[in-house]
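The residues making up each chain are set out below.
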Number of protein chains: 2
Amino acid sequence: MMRNIFLGFIRIHILHHANEGDIFGVWIMNELRRHGYSIGAGTLYPILHSLEKEGYLKRRDEVVNGKVRKYYRITEKGVNALEEAKPKIKELVEEVI
Amino acid sequence: MMRNIFLGFIRIHILHHANEGDIFGVWIMNELRRHGYSIGAGTLYPILHSLEKEGYLKRRDEVVNGKVRKYYRITEKGVNALEEAKPKIKELVEEVI
DNA sequence: CTTTCAATATCGTTAAGCGATACTATGCTA
DNA sequence: TAGCATAGTATCGCTTAACGATATTGAAAG
């Protein structure tokens, strides 16, 4: 029951965090686990790729501690999508809560 | 983007309405359309069936205008699930909004 | 007993989620 | 400079969910 909702929300959460700073796959997985949710790599990475492909995120490769990380940051299009989504989500949630 | 979120929410919406009164398939479809969302029969009915099977809803058949309707109403288990879900949803949404 | 109609049900296809496993590129060690 | 260890990313194959389209149901009307 909650898993569905969480999954529906995951793209919004990703955009939200990518709006506040640079994020990367493993960081997101940890962040979500901190909040009691978990997502596998096989789910997360395809989502990141599609968000990038659709222009909501942009990618920047960087070497950190000798390992390559793919940092993602929100784009203008992503910001717009996020801002458009917020009131709709609010409406959707407030009816029930 | 919004479709995902809406779909994640649909079970909660169904439970919510089934908590306020008797509901049935077509009514739900219309109710959602009023709010700007749509769901096909091929998606909705399997969801209703599974919610019933898992004990969140109970069904009652009734004849209305010479047609058989399957009315659904929330169960005790459904009420519990709904009440448990609310604060989690709130938390999930408030971080982003 | 045939037709009509609102409503429900399901079939076959497409898309999404997921665990498991493999890959990549760098720094470290010697 | 060859070899190894490791964080992080990528993808394969399977399972489950969403969906449009089409079929089925059963009471009532004629």
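Going by the structure above, here's the rest.
### A short note on the packing of helix H2 (residues 25-34) of chain B against helix H3 (residues 41-53) of chain B
Residue and element names in this part refer to chain B. Following both chains from N to C, one finds H2 and H3 inclined at 125 degrees, their axes separated by 10 Å at the closest point. What the angle tells us is that H2 and H3 run oblique. Here H2 runs over H3; the crossing is right-handed. Touching Gly25, Val26, Ile28 and Met29 of H2 are Ala41, Leu44, Tyr45 and Leu48, all from H3. When grouped by side-chain class, the residues that make up the contact of H2 with H3 number seven nonpolar, one polar and no charged.

### Focus: the protein's contact with DNA strand D
The local shell around DNA strand D holds 22 residues, among which Tyr45, His49, Lys67 and Arg69 of chain A together with Arg3 of chain B are the closest. Sugar and phosphate atoms form 67% of the subset of DNA strand D atoms that lie within 4 Å of the protein. One of the backbone nitrogen or oxygen atoms of Gly25 of chain A is found 3.3 Å away from a phosphate oxygen of DNA strand D. One nitrogen or oxygen atom from the main chain of Lys70 of chain A is found 3.1 Å from a phosphate oxygen belonging to DNA strand D.

### Considering unusual backbone geometry
One non-glycine residue with positive phi stands out, namely Asn65 of chain A, at about 55 degrees. Following the sequence through the fold, Asn65 of chain A ends up in the loop between strand S1 (57-64) and strand S2 (67-74).

### As for the nonpolar core
Core analysis: the biggest nonpolar cluster contains 60 residues, and Ile14 and Ile89 of chain A together with Ile14 and Ile89 of chain B have the highest contact counts within it. Beyond its immediate stretch of four places on either side in the chain, Ile14 of chain A contacts Ile23, Ile28, Leu44, Ile47, Leu48, Leu51 and Leu57 of chain A.

### Some points on the relation of the copies chain A and chain B
Mapping chain A onto chain B is achieved by rotating through 180 degrees and translating by 0.0 Å along the same axis, at an RMSD of 0.0 Å. Such a combination of rotation and displacement between the chain copies is what one expects of a two-fold axis. Residue Gly8 of chain A, judged by its C-alpha, is the member of chain A lying nearest the rotation axis, at 2.4 Å. When you check the interface residues of chain A against chain B, 100% turn up at the interface there too, and the contact is symmetric in its surfaces.

### Some points on the protein's contact with DNA strand C
By nearness alone, 20 residues border DNA strand C, and Arg3 and Gly42 of chain A together with Tyr45, His49 and Arg69 of chain B come closest of all. By atom count, sugar and phosphate contribute 67% of the portion of DNA strand C lying within 4 Å of the protein. Within the contact set of DNA strand C, a phosphate oxygen lies 3.4 Å away from a backbone nitrogen or oxygen of Gly25 of chain B. Take His49 of chain B: an N or O atom from its side chain is 2.6 Å from a phosphate oxygen of DNA strand C.

### Focus: the interface of chain A and chain B
Contact residues are listed per partner, giving 28 residues for chain A and 29 residues for chain B. Between chain A and chain B the total buried area reaches about 3,000 Å² when both faces are included, carbon and sulfur atoms providing 74% of it. Considering only the surface of chain A that becomes buried against chain B, Met1, Leu92 and Val96 of chain A emerge as the three largest contributors, covering 24% of it. If you look at where chain A meets chain B, you find zero salt bridges. For the pair chain A and chain B, the number of links is six residue pairs in polar contact (both at pLDDT 80 or more). Looking at the side of chain A that touches chain B, the elements with two or more residues in it are helix H1 (2-20) and helix H4 (76-94) of chain A. The dominant element in the side of chain A that touches chain B, judged by the number of residues it contributes, is H1 of chain A, at 12 residues.

Cut-offs and rules
Residues numbered from 1 in each chain as written. Chains lettered and ligands numbered in written order. Predicted model: local features only at pLDDT ≥ 70, side-chain atom pairs only at ≥ 80, totals over all residues. Heavy atoms only, no water. Axes fitted to C-alpha atoms, helices over the stretch in contact; angles between N-to-C directions. Helix = DSSP H or I, 4+ residues; strand = E, 2+ residues; numbered from the N terminus. Parallel < 35°, antiparallel > 145°, perpendicular 65-115°, else oblique. Left-handed = near helix turned anticlockwise from the far one by under 90°. Contact = heavy atoms within 4.5 Å. Nonpolar A, V, L, I, M, F, W, Y, C, P; charged D, E, K, R; others polar. Near = heavy atom within 4 Å. Polar contact = N/O pair within 3.5 Å; in protein donor to acceptor, adjacent residues only side chain to side chain. Core = buried A, V, L, I, M, F, W, Y, C linked by side-chain atoms within 4.5 Å. Buried < 20%, exposed > 50% of the residue type's maximum accessible area, 1.4 Å probe, protein only. Least-squares fit on C-alpha atoms with pLDDT ≥ 70 in both. Buried area = accessible area lost by both parts, 1.4 Å probe. Salt bridge = Lys/Arg side-chain N within 4 Å of Asp/Glu carboxyl O.

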